[in-house]
Number of protein chains: 2
Amino acid sequence: MKQKKFILQENELPTAWYNIQADMPTKPMPPIHPATKQPLGADDLAHIFPRECCVQELDTEHDFIPIPEEVLEKYKFYRSTPLVRAYALEEALQTPAHIYFKNESVNPLGSHKINSALAQCFYAKQEGTTNVTTETGAGQWGAALAYAATVFGLEAAVYQVKISMQQKPYRSSIMRTFGAAVTGSPSMSTRAGKDIITRDPHHPGSLGTAISEAVELATTTPNCKYTLGSVLNHVALHQTIIGLEAEKQMAMAGEYPDVVIACFGGGSNFGGIAFPFMRHNLKDGKNTKFIAAEPESCPKLTRGEFRYDFGDEAGYTPLLPMFTLGHSFKPANIHAGGLRYHGAGVIISQLIKDGLMQGVDIPQLESFEAGMLFARSEGIIPAPESSHAIAAAIREAQKCKETGEEKVILFNLSGHGLIDMSAYDQYLNGDLINYRVSDQDIKQTLKSVPE
Amino acid sequence: MKQKKFILQENELPTAWYNIQADMPTKPMPPIHPATKQPLGADDLAHIFPRECCVQELDTEHDFIPIPEEVLEKYKFYRSTPLVRAYALEEALQTPAHIYFKNESVNPLGSHKINSALAQCFYAKQEGTTNVTTETGAGQWGAALAYAATVFGLEAAVYQVKISMQQKPYRSSIMRTFGAAVTGSPSMSTRAGKDIITRDPHHPGSLGTAISEAVELATTTPNCKYTLGSVLNHVALHQTIIGLEAEKQMAMAGEYPDVVIACFGGGSNFGGIAFPFMRHNLKDGKNTKFIAAEPESCPKLTRGEFRYDFGDEAGYTPLLPMFTLGHSFKPANIHAGGLRYHGAGVIISQLIKDGLMQGVDIPQLESFEAGMLFARSEGIIPAPESSHAIAAAIREAQKCKETGEEKVILFNLSGHGLIDMSAYDQYLNGDLINYRVSDQDIKQTLKSVPE
């Protein structure tokens, strides 16, 4: 019988994260101070983030960074995750392609987010922090952080995007189960939130807004650090455990991917699976294609501009060089809440600029069609975010059907959709629509980008 | 570093189920016809269930029954599940006990139910059936059946206990995502449902009621077979894949369980993990203790009577020899919907009678306290059903703390609770209570048992 799943034993787990910055042909441009326009160093960032994360953020020298023993010990609660050959999906598509997915949906809280939450909370604790705060969209990151905070004995306060909180009430309950305090954002509990509500009382919230609130709380509370679930370099670094495992598992399967795909919000799950394979493009002459699948309603990779912009709506963060739709961009209320972010991570943006990877934008309905096909063939209901990766994988597999090529396609199943069933309900009832952003709207919000 | 998880590779999966009936010192008494009181054979049951399942139901000869290749192929989508050493829970309890759990919560639909759903749908398909029907409580079984039906190209109709449907709306969406037709029970779509609603318009539903409706549909629809998620011998048989894997995995850990625990509704997850270990008590002089954890609100093992009773509320099924509270017993609306069933499986009932295992009853609040402690230590939010097993395991671990014994405790984590967050919400808000049944109520419903 054909082997379906490839699993590493605990003693085979990677013991270091891969830092692609060391191998990039063009190093990322530095974050800069909004007022002075001077480059920021680790010291400048360390009042917001755990210090070790700031060092990792700007490290362009070390290609591998050891995973602390305490973090590795916690990774063993759930890692490795299986690499799965999607035979049933291949059959449904009648494609000659070999489709594999890395199944991060079996992680305790249902997504890949925990990989970085554990690392960030460990460093925060090590540095004497007692409280952590963060933003969350669909709630995947907030749930992971709430759990990681418990593990390392920290108090957690989470700002959840208001619209996502309403669409997915169970995720707030999960955070509360792990003892976190959860607030819908924009809220009246911060100056940033008040300002936003004053301008727009019906603001549905966005990751940018929630980040503003969490950063404000961190910088105004003693012994409190801010943590981020995506976008930043150190977050993608922690997620490379995904791709490093997948690399070993693909070898067990006797294959190497021609195409690597992940959905794209800020870049953490994409970087996580892609970077370890990309290093072989950069160093060993491999020629794998890398595709980041973003929602049509939030198309920063395919239709944004490469500019220095704020990471949050209120303009509290440093300026980051990235593909952006403008930090005032308000994404439509799609169900893939984790992809509703106006900018791309700094590394990703540079890689796109250098032609080392590409973005594709996926309409909401196509993502749900892909998710349904995947669920009915492989038996796993994917998160609406992950369905964007599945849709992009299906496009590639269909090309193979036309050309007859037996390409090896690998995508990251970043999470399951069991908490997103109201979205599937709406899809099954025919109540979902596509949201394509007009060029004019993008032009408008790009005006919010500082010169 | 200590090993946390023990995982089998695909080629190490068991290839046969274990049939404890072959090794039981007292064979189970046969099902009998309600009117004639004559024992029923496989032929008599085959108008309701797939024929092969009926043969397995009554097989007291073969100790191992090969798993069909097609089923094994589908098991490989998700099996083996990890055996996990609960170091963090041990630490939280400060117990010298070694606690292990078999993590069935990572199965695609979040519980162990899929192990038998795949087998039953395979046999139904093989015999030319086009439609399957069933009942479901919390929806774990219905979701598993809906997926398994899709896998083997069958149409599925599911009757879901009305109160569970309201408490856990996402599970109906999951079933619909897999293409199943879902009806709240009692419904007006069957004679059984109409009779029940006529007697009690506000009947919250129960597994017994839903079974009546599904059986009626199966026996009045051409090419339609009924499938059951628990109680029956062949269901527990299919679930023994859990214990057979666990046996190999415990050997990897270099240990053997002194105590094996599972929650108890009809007996499928209990039998699944317990029977493979119990055979070494029966044949190899082992002395493991087996504990079935039932809810205080539905205490058939600890306070029911051993009698011939109907499996359903309306009295459509054959009479089965079992510990029962009476088929008219209406369990309280606890959140562990999967444990709300009036009787125990035939094998389990005989084993209890023969003193080879025991039941314990767990109050609802104790189960949630246990679930919370488990979630915060091990990072997995357990299903309310599974929390009963955790509570029983914690009781045993606390005894070890008192005596200083390093006992090896193994329990089955039958499913996760991510779809049950409204229950956790209520617990966190202090809105949950215990439901202890009075002796008088039990005496009353036992009157419904035929003489």
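Our structure is the block above this text.
A brief look at the structure comes next. Everything numeric here is computed off the predicted structure, so don't read it as measured data.

**Considering the overall build of chain A**
Logical step 1: For chain A, the count of helices and strands is 18 helices and 15 strands.
Logical step 2: Taking 22 Å as the expected radius of gyration for a compact globule of 451 residues, we find that chain A reaches 20 Å, a close match to that expectation.
Logical step 3: For the C-alpha atoms alone, the extent of chain A along its principal axes is close to 60 × 50 × 45 Å.
Logical step 4: Evaluated residue by residue, chain A yields a buried proportion of 67% over its 451 residues.

**As for the packing of helix 6 (residues 140-151) of chain B against helix 8 (residues 169-177) of chain B**
Describing two packed helices takes the angle between their axes plus the distance from one axis to the other.
All names here are of chain B.
Logical step 1: Taken N-terminus to C-terminus, the directions of helix 6 and helix 8 make an angle of 10°; their axes are 8 Å apart at the nearest point. Taken as axis vectors, helix 6 and helix 8 run roughly parallel relative to one another. On helix 8, the residues touching Gln140, Gly142, Ala143 and Ala146 of helix 6 are Arg171, Ile174 and Met175.
Logical step 2: Here the contact of helix 6 with helix 8 is built from residues that sort into four nonpolar, two polar and one charged.

**Looking at helix 17 (residues 421-428) of chain A**
Logical step 1: Among the residues making up helix 17 of chain A, those that are buried are Met421, Ala423 and Tyr424 of chain A. Down the axis of helix 17 of chain A, the sector holding all buried residues measures 150°, keeping them to one side.
Logical step 2: Against helix 15 (364-378) and helix 16 (384-403) of chain A together with helix 8 of chain B lie the buried residues of helix 17 of chain A.
Logical step 3: Phi for Gly430 of chain A, located one or two positions after helix 17 of chain A, is positive at around 75°.

**Structural notes on the interface of chain B and chain A**
Accessible area lost when the parts come together is the quantity often used to give the size of an interface.
Logical step 1: Each partner contributes residues to the interface: chain B has 51 residues there, and chain A has 51 residues.
Logical step 2: For the pair chain B and chain A, the summed buried surface comes to about 4,600 Å²; carbon and sulfur atoms form 58% of the total.
Logical step 3: Two residues, Lys5 of chain A and Glu10 of chain B, come together in a salt bridge whose shortest N-O distance is 3.7 Å.
Logical step 4: Taken together, the connections running from chain B to chain A amount to 18 residue pairs in polar contact (both at pLDDT 80 or more).
Logical step 5: Within the residue set of the side of chain B that touches chain A, elements represented by two or more residues are helix 3 (69-75), helix 6, helix 8, helix 15 (364-378) and helix 17 (421-428) of chain B.
Logical step 6: Element by element, the count of residues in the side of chain B that touches chain A is highest for helix 8 of chain B, at six residues.
Logical step 7: A breakdown of the residues in the side of chain B that touches chain A according to their chemical character gives 24 nonpolar, 13 polar and 14 charged.

**What to know about empty space enclosed by the protein**
Logical step 1: Scanning the model with the defined rule gives 12 cavities of 30 Å³ or more in all.
Logical step 2: Of the voids in this model, the largest cavity is the one considered here, and its volume is about 470 Å³.

**Considerations on the relation of the copies chain B and chain A**
Logical step 1: Once chain B is rotated about the relating axis by 180° and shifted along it by 0.0 Å, it coincides with chain A to within an RMSD of 0.0 Å. With respect to symmetry, the two chain copies, as superposed, fit the operation of a two-fold axis. Minimal C-alpha separation from the rotation axis in chain B is found for Val106 of chain B, amounting to 2.7 Å.
Logical step 2: The share of interface residues of chain B whose copies in chain A are also at the interface is 100%, consistent with both copies meeting through the same surface.

**A closer look at the packing of aromatic side chains**
Logical step 1: A full pass over the atoms with the stated rule returns 31 aromatic pairs over all chains.
Logical step 2: Measuring from centroid to centroid gives 5.1 Å for Phe101 of chain A and Phe374 of chain A, while their planes differ by 80°, and the two rings are edge-to-face. Of this pair, Phe101 of chain A sits in strand 5 (residues 98-103) while Phe374 of chain A is found in helix 15, placing the two residues 273 residues apart along the sequence. Like Phe374 of chain A, Phe101 of chain A is buried.
Logical step 3: Ring pairs connect the aromatic residues Phe101, Phe374 and Phe411 of chain A, which therefore count as one cluster.
Logical step 4: Between Lys4 of chain A and the ring centre of Phe77 of chain B, over which it is positioned, the NZ or CZ distance is 3.7 Å.

**A look at the sheet that holds strand 8 (residues 181-185) of chain A**
Residues and elements named next belong to chain A.
Logical step 1: Strand order in the open sheet formed by four strands is 8-7-6-9, and the pairing between neighbours is parallel. Among the strands making up the open sheet, the edge pair consists of strand 8 and strand 9 (224-226). Pairwise comparison of adjacent strand axes, ignoring direction, gives a mean angle of 20° for this sheet.
Logical step 2: Judged from the three bridges that link them, strand 6 (residues 131-136) and strand 9 form a sheet pairing that is parallel. Considered in strand 9, the bridge of Val132 is made with Lys225.
Logical step 3: Strands in contact with helix 8 (residues 169-177) are strand 6, strand 7 (155-161) and strand 8; relative to strand 7, the strand with the most contacts, it is inclined by about 175°.

**Brief notes about the packing of helix 15 of chain A against helix 16 of chain A**
Residue and element names in this part refer to chain A.
Logical step 1: Running from N to C, helix 15 and helix 16 cross one another at 85°; their axes reach a closest spacing of 7 Å. Comparing the axis directions of helix 15 and helix 16 gives the class roughly perpendicular. Of helix 16, the residues touching helix 15 (which contributes Glu366, Ser367, Phe368, Ala370, Gly371, Leu373 and Phe374) are Pro384, Ser387, His388, Ile390, Ala391, Ile394 and Arg395.

**A word on the pattern of salt bridges**
All names here are of chain B.
Logical step 1: Tallied over the full model, the rule gives 43 salt bridges over all chains.
Logical step 2: Here Lys330 ties to Asp200 by a salt bridge, and the two come within 2.9 Å at their closest N and O atoms. Here Asp200 lies in the loop between helix 9 (191-199) and helix 10 (207-220) and Lys330 lies in the loop between strand 13 (319-324) and helix 14 (346-353), a separation of 130 residues in the sequence.

Reading the values: rules and limits
Residues numbered from 1 in each chain as written. Chains lettered and ligands numbered in written order. Predicted model: local features only at pLDDT ≥ 70, side-chain atom pairs only at ≥ 80, totals over all residues. Heavy atoms only, no water. Helix = DSSP H or I, 4+ residues; strand = E, 2+ residues; numbered from the N terminus. Rg over C-alpha atoms; globule rule 2.2 N^0.38 Å. Buried < 20%, exposed > 50% of the residue type's maximum accessible area, 1.4 Å probe, protein only. Axes fitted to C-alpha atoms, helices over the stretch in contact; angles between N-to-C directions. Parallel < 35°, antiparallel > 145°, perpendicular 65-115°, else oblique. Contact = heavy atoms within 4.5 Å. Nonpolar A, V, L, I, M, F, W, Y, C, P; charged D, E, K, R; others polar. Arc of directions from axis to C-beta. Buried area = accessible area lost by both parts, 1.4 Å probe. Salt bridge = Lys/Arg side-chain N within 4 Å of Asp/Glu carboxyl O. Polar contact = N/O pair within 3.5 Å; in protein donor to acceptor, adjacent residues only side chain to side chain. 1 Å grid on protein atoms, 1.4 Å probe; cavity = no way out; pocket = protein on both sides within 12 Å on 5 of 7 lines; lining within 4 Å. Points joined across faces, edges and corners; volume = space filled by probe spheres on them. Least-squares fit on C-alpha atoms with pLDDT ≥ 70 in both. Phe/Tyr/Trp six-rings, centres within 6.5 Å; stacked < 30°, edge-to-face > 60°. Lys NZ or Arg CZ within 6 Å of the ring centre and 35° of its normal. Pairing = 2+ DSSP bridges.

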